[in-house]
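Now for the letters of each chain:
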Amino acid sequence: MAEIVLKDIVKRFGDLTAVNNLSLNIKDKEFLVLLGPSGCGKTTTLRCISGLETPDEGKILIDGEDVTIKRASRRDIAFVFQLYALYPQLTAYGNIAFPLLTQRTDKKKIKEEVNKVAEILKIKHILNKKPKELSGGDMQRVALGRAIVRRPKAFLLDEPIGTLDAKFREEMRTELKKLHVDIGATTVYVTHDQVEAMSMGDSIAIMNLGVLQQVGTPYEIYTNPKNLFVANFIGSPGMNFINCKPERDSSGRLVLRLLSIGTHIQISDEIQKIILDKKEEEKELALGVRPEDMILSMKKEENYIETKVFVVERTGSYNIVNIKLGSDIVRVRTLPTVALKVRETVYIGIDMKRISIFNKKDGNSIM
Ligand code: ATP
């Protein structure tokens, strides 16, 4: 059992605040992904949880116990880095057995435990090999084996599969997730890869410049991003942002005027109410629409916008059609069978039940 709580953590290096007032509650058995661009403070956060760094302010609690200044070796937590530091002179078996040897576990028990771990990681056939004879993926598995073998309360994984090639990363993602389900230990996983975060995390904490931006399930973060940074960071291709302003049409109804083309689009009563309640009328907003929430039609329909095809990108399983709205390029996801020519006239609709709206000035969602 390991519930990890971070309370108002601040970590500075000289003038630089690497982690700024971070609070997080990581539930027992949860797989939490710390996600964000390079330098946003993910590794520093992980090092504070492990005990390799001491925060300048704030508290870290593990199962209710304040461990803020407790030594790393006394926290019962396993840390796996991207750079798998294996002992070159030891075999895979020796590397995995090492933590148990230092705990003076008896030989029979060590053999039992190493074999159990090797079974889970499917590496029984390489136990006699030394690191230089292993592939990157196998070395990473051995490093994981060494972390798992002593059954720690929690795992901290820092970009553990970042150096592997794309195909193998995909396989390892599934394996690591399955491993988490089998072992059931609380896991904090650092990555800058949003696909990895979306596919592996029970929840995701997104950071930028040392500051936590949003915590939620992958679905919550994808469908209801709290600000422009999160909306932009999650999703590939990313969310479209269309500059707009809420104003009254000739019948007095609140609509959104798309600034680059001057067209009005209708919005639901619910969204009108949000705009009025939040006093966002006449303010510059960004309408956020995911490429799969835009509908492309060959004929004019109500609330659709006439435009022209700019570029078509084919991926095999879907197409991304780039269209021009004034000076803005908007990306629409279509079936791979939709055949369109560049400069062809099309009509674009927006699934208004799935939109996000952001205040342009502070970047926050108004939804
Ligand atoms: P990456 O994905 O590139 O590892 P990250 O999100 O993990 O990035 P950190 O490694 O936590 O980011 O670094 C956060 C900031 O703190 C960076 O600007 C980094 O240069 C700085 N930093 C980290 N460790 C130290 C240190 N020991 N001394 C000085 N600055 C540091």
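Scroll up a little and you will see the structure.
First things first, this report covers the structure right here in the doc. Keep in mind that this is a model prediction, so the values were computed, not measured.

Remarks on the nonpolar core
- One finds Ile96, Val142 and Tyr189 to be the most contacted residues of the largest nonpolar core, which totals 44 residues.
- The element that contributes the greatest number of residues to this core is helix 4 (residues 136-148), accounting for six residues.
- Setting aside residues up to four positions removed in sequence, Val142 forms contacts with Leu86, Ala92, Asn95, Ile96, Ile123, Ile126 and Leu134.
- Residues Val289, Val346, Ile348 and Ile366 belong to the second largest nonpolar core, which totals 31 residues.

Some details on the pairing of strand 18 (residues 328-334)
- Because side chains alternate across strand 18, one face comprises the buried residues Asp328, Val330, Val332 and Thr334, and the other comprises Ile329, Arg331 and Arg333, none of which is buried.
- As judged from the seven bridges shared by strand 17 (residues 319-325) and strand 18, these two strands associate in the antiparallel manner. Each bridged residue has a counterpart across the sheet, and for Val321 the counterpart in strand 18 is Val332.
- Taking the residues that link successive antiparallel strands as the turn, the strand 17-strand 18 hairpin has two residues, and the phi of Gly326 there is positive, at about 60°.

Looking at the sheet that holds strand 6 (residues 77-80)
- The strand order across the open sheet formed by six strands is 6-7-8-3-9-10, and the pairing between neighbours is mixed. With partners counted over all chains shown, the strands left at the sheet margins are strand 6 and strand 10 (211-216), one partner each. Taking the axes of each pair of neighbouring strands and ignoring which way they run, one obtains an average angle of 15° across the sheet.
- Note: strand 6 against strand 7 (residues 154-158), four bridges, orientation parallel. Of the residues in strand 7, the one forming a bridge with Ile77 is Ala154.
- Contacts from helix 4 reach strand 6 and strand 7 within the one sheet, and its direction differs from that of strand 6 by about 170°.

Things to note about the site of the ligand
- For the ligand, the full set of nearby residues is Phe13, Leu16, Ala18, Pro37, Ser38, Gly39, Cys40, Gly41, Lys42, Thr43, Thr44 and Glu159.
- Compared with its free state, where it exposes 630 Å², the ligand has 58% of that area covered by protein.
- Elements with a contribution of two residues or more to the shell around the ligand: strand 2 (16-26) and helix 1 (42-50).
- Here the element with the most residues in the shell around the ligand is helix 1; it accounts for three residues.
- Of the residues belonging to the shell around the ligand, the class tally is five nonpolar, five polar and two charged.

Section: the environment of Thr105
- Its location among the elements puts Thr105 in the loop between helix 2 (92-102) and helix 3 (107-121).
- Setting aside residues no more than four positions away along its own chain, Thr105 makes contact with Leu100 and Ile110.
- At 3.0 Å, the side chain of Thr105 forms a polar contact with the backbone oxygen of Leu100.

Here's the deal with the packing of aromatic side chains
- Overall, the coordinates contain four aromatic pairs when judged by the stated rule.
- Aromatic pair Phe229 and Phe233: ring centres 5.6 Å apart, planes at 20°, arrangement stacked. Separated by four residues within a single helix, Phe229 and Phe233 lie in helix 8 (residues 228-233), roughly one turn from each other.
- Stacked on the ring of Tyr318, the Lys or Arg Arg333 has its end atom at 3.6 Å from the ring centre.

A short note on the sheet that holds strand 13 (residues 264-266)
- What the five strands build is an open sheet, ordered 13-12-11-14-20; its pairing is antiparallel. Across the chains shown, the open sheet's two edge strands, defined by having one partner strand only, are strand 13 and strand 20 (356-359). Neighbour to neighbour, the strand axes of the sheet diverge by 40° on average, direction disregarded.
- With four bridges connecting them, strand 14 (residues 285-289) and strand 20 associate as antiparallel partners.

So, how was this worked out
- Residues numbered from 1 in each chain as written.
- Predicted model: local features only at pLDDT ≥ 70, side-chain atom pairs only at ≥ 80, totals over all residues.
- Heavy atoms only, no water.
- Core = buried A, V, L, I, M, F, W, Y, C linked by side-chain atoms within 4.5 Å.
- Buried < 20%, exposed > 50% of the residue type's maximum accessible area, 1.4 Å probe, protein only.
- Helix = DSSP H or I, 4+ residues; strand = E, 2+ residues; numbered from the N terminus.
- Contact = heavy atoms within 4.5 Å.
- Pairing = 2+ DSSP bridges.
- Axes fitted to C-alpha atoms, helices over the stretch in contact; angles between N-to-C directions.
- Near = heavy atom within 4 Å.
- Areas by Shrake-Rupley, 256 points an atom, 1.4 Å probe, with all protein chains shown as cover.
- Nonpolar A, V, L, I, M, F, W, Y, C, P; charged D, E, K, R; others polar.
- Polar contact = N/O pair within 3.5 Å; in protein donor to acceptor, adjacent residues only side chain to side chain.
- Phe/Tyr/Trp six-rings, centres within 6.5 Å; stacked < 30°, edge-to-face > 60°.
- Lys NZ or Arg CZ within 6 Å of the ring centre and 35° of its normal.

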